[in-house]
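The primary structure of each chain is shown beneath.
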Amino acid sequence: MSLEARLEAILRETPSLMTVMETARGLDLPDWLIFSGAIYQRVLNRLTGRDPDYGIKDYDLGYHDASDISYEAEDVVIRRVAAAFEPPLREMVEVRNQARVHLWFEGKFGEPYEPLASTAEALSRFTSATFAVGARLEADGRMTIAAPFGLEDIFALRLRPNPIRQTAGFRRTAEAAKARWPELTILEA
């Protein structure tokens with residue numbers, strides 16, 4: 001079985017995640033993906049024998065709509081998404097327009113951030129290559145997986161920095177992940 005097929009099986013066997021993906025699919029947001037911990041943590045949990053929802057704090061739902069990058073337009077979508085979910089998922093799904101991340105990123109994280117052309121492109125800028133994975137449930141039930149650095153690291157329980165965008169936050173992020181999954185091997189740049 002390919003790593004992509006293994007990932008898809010893990011995601012499909014997680015009821016809470018599938019509820020989020022099915023609801024997101026119904027919202028029909030442009031170029032959407034569920035990414036970050038909502039995806040990679042499921043694999044780490046499966047490989048280390050933990051509950052599928054162990055460590056899950058939120059569900060990052062990214063979409064890309066460059067037609068209006070105002071906060072007001074994003075806020076309309078945030079409210080629409082929140083209304084689609086029942087608690088506790090309502091409070092856990094965090095939606096952000098990836099077309100406007102460059103407007104606030106440097107002020108929040110102190111690092112420059114060029115505009116993104118798509119939601120999948122955002123994955124290529126994550127702190128760790130291991131975390132750079134997203135998924136979308138298509139209208140026909142197929143699952144689209146986006147993983148610009150592949151899936152080998154995540155299935156090998158390896159955490160490594162992003163090879164094309166070094167960030168100051170990798171060490172802190174890696175230590176936090178290692179505290180939750182001591183089985184991880186951390187590779188330095």
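Analysis parameters
Residues numbered from 1 in each chain as written. Predicted model: local features only at pLDDT ≥ 70, side-chain atom pairs only at ≥ 80, totals over all residues. Heavy atoms only, no water. Core = buried A, V, L, I, M, F, W, Y, C linked by side-chain atoms within 4.5 Å. Buried < 20%, exposed > 50% of the residue type's maximum accessible area, 1.4 Å probe, protein only. Helix = DSSP H or I, 4+ residues; strand = E, 2+ residues; numbered from the N terminus. Contact = heavy atoms within 4.5 Å. Axes fitted to C-alpha atoms, helices over the stretch in contact; angles between N-to-C directions. Parallel < 35°, antiparallel > 145°, perpendicular 65-115°, else oblique. Nonpolar A, V, L, I, M, F, W, Y, C, P; charged D, E, K, R; others polar.

A. Expanded view of the nonpolar core. Counting 57 residues, the largest nonpolar core has Leu7, Leu29, Ile34, Tyr59, Leu61 and Val81 as the members making the most contacts within it. Among the elements that line this core, the one with the most residues is helix H2 (residues 15-27), at 6 residues. Once residues within four sequence positions are removed from consideration, Tyr59 is found in contact with Ser16, Leu17, Val20, Ala38, Arg42, Asp53, Leu89, Met92, Val93 and Glu94.

B. Highlighting unusual backbone geometry. The peptide bond linking Pro87 to Pro88 adopts the cis configuration, its omega dihedral lying at 5°. By the secondary structure assignment, Pro88 is in the loop between helix H4 (71-84) and helix H5 (89-92). The residue Asp31 is not glycine, and still its phi comes out positive at about 50°. Looking at Asp31, the relative accessible area reads 32%, which means it is partly exposed. The phi torsion at Ser36 lies on the positive side, around 65°, for a residue other than glycine. In this fold, Ser36 is placed in the loop between strand E1 (33-35) and helix H3 (37-47).

C. Representation of the packing of helix H1 (residues 3-12) against H3 within the structure. For the pair H1 and H3, the least separation of the axes is 10 Å and the interaxial angle reads 95°. Taken together, the axes of H1 and H3 are roughly perpendicular relative to one another. Residue-level inspection shows Arg6, Leu7, Ile10 and Leu11 of H1 in contact with H3, the latter providing Ile39, Arg42, Val43, Arg46 and Leu47. Residues belonging to the contact of H1 with H3 are distributed by class as follows: 6 nonpolar, no polar and 3 charged.

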